[in-house]
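Chains, contacts and geometry: an overview
The chain contents come next:
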Amino acid sequence: MATSGTRKASRSSSSAPAAGKVRLLTGDNPQIAKGEGDGPVQAYLNAIPGWKQARARQLDALITANVPKVRKAVKWNSPWYGVEGQGWFLSFHCISKYLKVAFFKGTSLDPLPPVESKQQEVRYLHVFEDEPLDEAQFVAWVKQASKLPGA
């Protein structure tokens, strides 16, 4: 399998991959080093291929516009959003056919995000290419989630 050559190349390169050299994991999820702030999140967004990039940018813009002083980071190859002193309230991840948005205290949101989780309080929203995002509902969930103690 060709992945071993790719792994060797990425290990021997500097800690920050050259532009266009980000490794894509399962579901085209970019492998981005952990980091705090908007910079690592923008690197993650820039590395997403295809239609998922526009949708991920849409999510990031809606979160940023509706949560004053939102805290951002990349953890475990996903962008995380939080409020200083309250923890993290949301993350998303590229899956093969959709973006998987995790609301960490999703069972406290009204109405509940549509997809259950094996984790007790988490609820998911799946964002597909061919289905419009209900921006008003998403923003309502983001505003509610940002006011809850986070993960």
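Note: the structure precedes this text.
It should be emphasised that the depicted structure is a prediction, and the values quoted were computed from it without experimental measurement. (Residues numbered from 1 in each chain as written. Predicted model: local features only at pLDDT ≥ 70, side-chain atom pairs only at ≥ 80, totals over all residues. Heavy atoms only, no water.)

A short note on the nonpolar core
Within the largest apolar cluster, 31 residues are counted, with the highest numbers of intra-cluster contacts made by I63, F89, L90, F92, V101, F103 and F138. Element by element, the count of residues in this core is highest for helix α4 (residues 135-146), at five residues. The residues contacting F89, other than those within four sequence positions of it, are I63, V67, V70, Y81, G82, V83, A102, F103, F104, V142, A145 and S146. Grouped together as the second largest cluster of nonpolar side chains are seven residues, A73, A102, F104 and V122 included. (Core = buried A, V, L, I, M, F, W, Y, C linked by side-chain atoms within 4.5 Å. Buried < 20%, exposed > 50% of the residue type's maximum accessible area, 1.4 Å probe, protein only. Helix = DSSP H or I, 4+ residues; strand = E, 2+ residues; numbered from the N terminus. Contact = heavy atoms within 4.5 Å.)

A look at the side chain of N77
You can see N77 is positioned in the loop between β2 (71-75) and β3 (78-83). A residue is classified by how much of its surface remains accessible, and N77, at 18% relative accessible area, is buried. Among the polar contacts made by the side chain of N77, one reaches the main-chain amide nitrogen of I32 at a distance of 3.0 Å. Residues within four places of N77 in sequence aside, it is in contact with L25, N29, P30, Q31, I32, Y44 and H93. (Polar contact = N/O pair within 3.5 Å; in protein donor to acceptor, adjacent residues only side chain to side chain.)

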